[in-house]
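Each chain, letter by letter, is given below.
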Amino acid sequence: MSDAPKRIHLVGFGNPGRLDDGLGPALAAAIEELQLPNVSVDSDYQLTVDDAHDVAPYDVVVFADADVRGREPFYFESVEVGEGISFSSHGCSPSAVVSLARELFGGPREAYLIGMRGYEWDAFEERLSEKARENLEEAIQFLKKVFQSGDFAGSVIENDVKAL
Amino acid sequence: MAEKRIIVEPVTRVEGHGKVSLLLDEENKVKQARLHIVEFRGFERFIQGRPYWEIPVMVQRLCGICPVSHHLAAAKAMDQIVGVDKLTPVAEKMRRLMHYGQTLQSHALHFFHLASPDLLMGFDADPEIRNVIGVAKKFPELATQGVLLRKYGQEVIKATSGKKIHGTGAIPGGINKNLSIAERDEFLKDIDQMVEWSEGALKVAKEYTMEHLEELGSFGSFESSHLSHIREDGCMDLYDGGLRAITKDGDKIFDHIPVEQYSDYLAEEVRPWSYMKFPFIKSIGPEDGWYRVGPLSRVNTADFIDTPLAESARVEFMALTSGKPNNITLAYHWARMIEMLHSAEKIRELLNDSDLQGNDLVIKGERREEGIATLEAPRGTLFHHYKVDENDQVTMANLIVSTTSNNIPMNLAVQKIAEEYISGKPEITEGLLNRLEIGIRAYDPCLSCATHAMGKMPLEVKLIDAEGKVVDQMVKG
């Protein structure tokens, strides 16, 4: 077992022009500002197949997204390969990205998803709702501690509000 | 009456929210088939009151898949607002490079991620393997090429627009950066490989079509008019040109129409059962004036392509229909790969053009109140139309996106497929679902883009009888 610090990559995704759908990119921007060691940050409207190439070299990848009806203020779960893979759009699920990354490029070793509860979606406005902002703040503090401790598996918070 | 209505909601592997409803008669034959698209219509209103120079950046929020198309179309319209009809060479070539990067990555994404599972694994393959992971396991080399082609296009966008997303490269009257020597050399290292991989993908799409010609000849296919913009000499031009529309036989309906006059030739109709508008060619009328846009239409409308490998592929494509328009819906995939190869060739051509290192980035002319532009976006002709007042604020915006133009054609594809695969069978089958999705996906539609939050897009299928009672239901995803 290597004692070298884990190389961590955070990918926030969502459309900041659609209200709380911008929670993922907002979390990515906040973590980037912290300039944490061994943590790189990326942001996009949605995950696509080329993210498989980008996440593969890292020890740990954390995806950050908004969630329509998940646990408040957020959950933090391991991304399981082959679980719930669906291809409903040009975008990929975190599970699909990790599956593809491991299949084609041999990594990453660990992958997690932080799903922040959002509340407002269906308008073109570049702002977060008040409750979403509160959830974002809690998620930032949580991730900061997890990144600094390096204990990802021990930090899992299950989403106890499953999709209908 | 014992009518039944089958609803497929939403359609998988297309963007946003859509559902298919199939109304059956008492003999379980398709009486009516419709693709309903729930499209946000608030965007035009959202940008009213904003200063015009913000628009090329702001419109990228409209779509998570082709933000560059909206960025460039808005910038072209705003060129007119600032009185610029012709950009400097570096500005136009940087924008073109950005656009070919966008087309390359978008076509690669569609073909490898969305289309190849159907084509390589078969329409009736188990959904567990009929996806990009299945392709990666069975055809790892091809899947890797797809990922890296997409990534290359994304890197071109980043270098030309300044950022991977929400780029600022194109500004009214020009561009805000050139391509450095270091950036150019980095792209030159891999461009031959991208051209070669594009040729390989084209071969897959062509061979698939040729091997399944009989089946595809009827699969969601129908004769139609086609529209695109076209260069003055009739060459395919994805960035700029006049409007050309042709009939199903290839006769010109109109040609080289300046895009500023689009509203003299095209109109939009609203129908009560859909949120989307229905554009049509005015001279033909709303009933029969619909047309197709996108790769199939562009290859059909072009007299030639000005890159050798893509031109050779176009000649081969058109030979299949003896030079007449090809109206096979699934031939969109073949045409899309011709354009991907063309884009790779164009990127190579531009990378070797020293104008990209020029410094004359922006010009301005006499201020105008109205700007209209088109762009051949990956999915088809995109129209941006704006009016700006004396305070520099946008007072009117009208956008016609390619998925809107393909609205009727997608409905017709659904109708044709449903008639072929459901008649006499009053239940939802996996085979029917697959084929409906495959027919719609050929158009690579991007519906209400970019709201993707988890939990919003299950696949729900309902069979409802005439009284509104659900008699069958399937949920996917």
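Residues numbered from 1 in each chain as written. Chains lettered and ligands numbered in written order. Predicted model: local features only at pLDDT ≥ 70, side-chain atom pairs only at ≥ 80, totals over all residues.

Caption draft 1: Structural detail: the overall build of chain A. In terms of regular secondary structure, chain A is built from 4 helices and 5 strands. Listed by position from the N terminus, the elements making up chain A come as β-α-β-α-β-β-α-β-α. Taken over the C-alpha trace, chain A has a radius of gyration of 15 Å; the compact-globule value for 164 residues is 15 Å, and the two agree within 12%. Counting only C-alpha atoms, chain A reaches 45 × 35 × 30 Å along its principal axes. In chain A, buried positions account for 52% of the 164 residues. Summarising the internal contacts of chain A: among those between residues at least 6 apart in sequence, 75% fall at separations of at least 24. (Helix = DSSP H or I, 4+ residues; strand = E, 2+ residues; numbered from the N terminus. Rg over C-alpha atoms; globule rule 2.2 N^0.38 Å. Buried ≥ 20, exposed ≤ 12 C-beta atoms within 10 Å, placed from the backbone. Contact = placed C-beta atoms within 7 Å.)

Caption draft 2: Main features of the overall build of chain B. The number of helices and strands found in chain B is 15 helices and 16 strands. Long-range contacts, defined here as pairs at least 24 residues apart, represent 70% of the contacts in chain B between residues at least 6 apart.

Caption draft 3: Quick peek at the nonpolar core. Counting residues in hydrophobic clusters, the biggest one holds 180 residues, and the most contacted among them are A:Leu100, A:Ile114, B:Ile338 and B:Val414. Tallying contributions element by element places helix α4 (residues 89-121) of chain B first for this core, with 13 residues. Here this core gathers at least three residues from each of two domains, domain 1 (4-38 + 410-476) and domain 2 (88-162 + 179-220 + 328-362) of chain B. Discounting residues that sit within four places of it in the chain, A:Ile114 has contacts with A:Val62, A:Ala64, A:Phe74, A:Phe76, A:Ala139 and A:Leu143. (Core = buried A, V, L, I, M, F, W, Y, C linked by C-beta atoms within 7 Å. Domains from an automatic or database assignment.)

Caption draft 4: Helix α15 (residues 430-441) of chain B, seen in detail. All names here are of chain B. Between the first and last C-alpha of α15 there are 16 Å, a value that for 12 residues agrees with the 16 Å anticipated at 1.5 Å per step. When you tally the buried positions in α15, you get 10 out of 12 residues, the bulk of the element. For α15, the full list of buried residues reads Leu-432, Leu-433, Asn-434, Arg-435, Leu-436, Glu-437, Ile-438, Gly-439, Ile-440 and Arg-441. (Expected span 1.5 Å × (residues − 1).)

Caption draft 5: Focus on the environment of A:Leu100. With respect to the element layout, A:Leu100 can be found in helix α3 (residues 94-105). C-beta crowding within 10 Å serves as the criterion here: with 29 such atoms nearby, A:Leu100 is assigned to the buried category. With 12 residues separating them in the primary sequence, A:Leu100 and A:Tyr112 have C-alpha atoms 15 Å apart. Among all residues touching A:Leu100, those that are not within four sequence positions of it are A:Val49, A:Ala52, B:Val132, B:Ile133 and B:Ala136.

Caption draft 6: Spotlight on helix α14 (residues 407-422) of chain B. All names here are of chain B. Helix length check: α14, at 16 residues, gives a terminal C-alpha distance of 22 Å against a target of 22 Å (1.5 Å per residue), a fit within 8%. What α14 keeps buried is the set Asn-407, Ile-408, Pro-409, Met-410, Asn-411, Leu-412, Ala-413, Val-414, Ile-417, Ala-418 and Ile-422. Immediately downstream of α14, the backbone of Gly-424 shows phi near 85 degrees, a positive value.

Caption draft 7: Highlighting the domain arrangement of chain B. Residues and elements named next belong to chain B. Entries for chain B in the domain assignment read domain 1 (4-38 + 410-476) and domain 2 (88-162 + 179-220 + 328-362). Taken together, the contact between domain 1 and domain 2 spans 14 residues of the former and 13 residues of the latter. Of all the secondary-structure elements, those providing two or more residues to the side of domain 1 that touches domain 2 are α14 and α15. Looking at side-chain class alone, the side of domain 1 that touches domain 2 contains 5 nonpolar, 3 polar and 6 charged residues. (Nonpolar A, V, L, I, M, F, W, Y, C, P; charged D, E, K, R; others polar.)

Caption draft 8: A look at the sheet that holds strand β5 (residues 110-117) of chain A. Residue and element names in this part refer to chain A. If you trace the 5 strands from one edge of the open sheet to the other, you get β2-β1-β3-β5-β4, paired in mixed fashion. Looking at the sheet topology across the chains shown, the edges are occupied by β2 (39-44) and β4 (74-78). Direction aside, neighbouring strands of the sheet carry axes that sit 20 degrees apart on average. Bridge count for strand β3 (residues 60-67) against β5 is 8 bridges, and the pairing is parallel. Residue Val-62 lies in a different strand from β5, and its bridge partner there is Tyr-112. Along the sheet, helix α1 (residues 23-34) contacts β1 (8-13), β2, β3 and β5; its crossing angle with β2, the most-contacted strand, is approximately 150 degrees. Strands in contact with helix α4 (residues 130-149) are β1, β2, β4 and β5; relative to β5, the strand with the most contacts, it is inclined by about 160 degrees. (Pairing = 2+ DSSP bridges. Axes fitted to C-alpha atoms, helices over the stretch in contact; angles between N-to-C directions.)

Caption draft 9: Inspection of the sheet that holds strand β8 (residues 252-257) of chain B at higher detail. Residues and elements named next belong to chain B. Overall, mixed pairing links the 4 strands, which are arranged β8-β7-β6-β11 in an open sheet. The strands lining the two open edges of the sheet, one partner per strand, are β8 and β11 (291-292). Note that strand β6 (residues 225-230) and strand β7 (residues 242-246) share 5 bridges and pair antiparallel. Residue pairing in the sheet places Leu-227 in a bridge with Ala-245 of β7.

Caption draft 10: Examining the pairing of β1(A) more closely. Residues and elements named next belong to chain A. Of all 6 residues in β1, 6 are buried, a share of seventy percent or more. Every second residue of β1 is oriented toward a common face, with Ile-8, Leu-10 and Gly-12 on one face and His-9, Val-11 and Phe-13 on the other, all of them buried. Here β1 pairs with β2 via 6 bridges, running parallel. Its bridge partner being in β2, Phe-13 is matched across the sheet by Asp-44. Following the backbone out of β1, through α1 and into the adjacent parallel β2, one traces a crossover that is right-handed. (Right-handed = clockwise from strand over helix to strand, strands pointing away.)

Caption draft 11: Structural detail: the packing of α14(B) against α15(B). All names here are of chain B. In contact at an axis separation of 9 Å, α14 and α15 are set at 155 degrees when each is read in the N-to-C sense. Judged by the inter-axis angle, α14 sits roughly antiparallel to α15. Crossing of α14 over α15 shows right-handed handedness. Each of Met-410, Ala-413, Val-414, Ile-417, Ala-418, Tyr-421 and Ile-422 in α14 lies in contact with α15, whose residues at this interface are Gly-431, Leu-432, Arg-435, Leu-436, Gly-439 and Ile-440. Split into classes, the residues belonging to the contact of α14 with α15 amount to 10 nonpolar, 2 polar and 1 charged. (Parallel < 35°, antiparallel > 145°, perpendicular 65-115°, else oblique. Left-handed = near helix turned anticlockwise from the far one by under 90°.)

Caption draft 12: Representation of the confidence of the model for chain A. Across chain A, pLDDT averages 89, with 91% of residues at or above 70. When the criterion is pLDDT under 50, residues 83-88 of chain A qualifies, and its contacts beyond four places in sequence or with other chains add up to 21 contacts. (pLDDT = per-residue confidence, 0-100.)

Caption draft 13: Up close: unusual backbone geometry. In this chain, A:Glu72 is followed by A:Pro73 through a cis amide linkage whose omega measures -5 degrees. Tracing the backbone shows A:Pro73 in the loop between β3 and β4. For the bond from A:Gly107 to A:Pro108, the omega torsion is 0 degrees, close enough to zero to count as cis. One non-glycine residue, B:His256, lies in the positive phi region at around 55 degrees. The topology assignment puts B:His256 in strand β8. Here B:Asp392, not a glycine, exhibits a phi torsion of approximately 70 degrees, which is positive. Along the polypeptide, B:Asp392 turns up in the loop between β13 (380-388) and β14 (394-400). Assessed through the 13 C-beta atoms surrounding it within 10 Å, B:Asp392 is described here as partly exposed.

Caption draft 14: Local environment of the confidence of the model for chain B. All names here are of chain B. Confidence in the prediction of chain B, expressed as mean pLDDT, is 87, and 87% of residues score 70 or more. Confidence over residues 9-16 falls short of pLDDT 50; this stretch has 40 contacts with residues more than four positions distant or in other chains. Scored below 50 in pLDDT, residues 448-461 makes 62 contacts in the model with residues more than four places away or belonging to other chains. Among the scores for the predicted complex, ipTM is 0.86 and pTM is 0.91.

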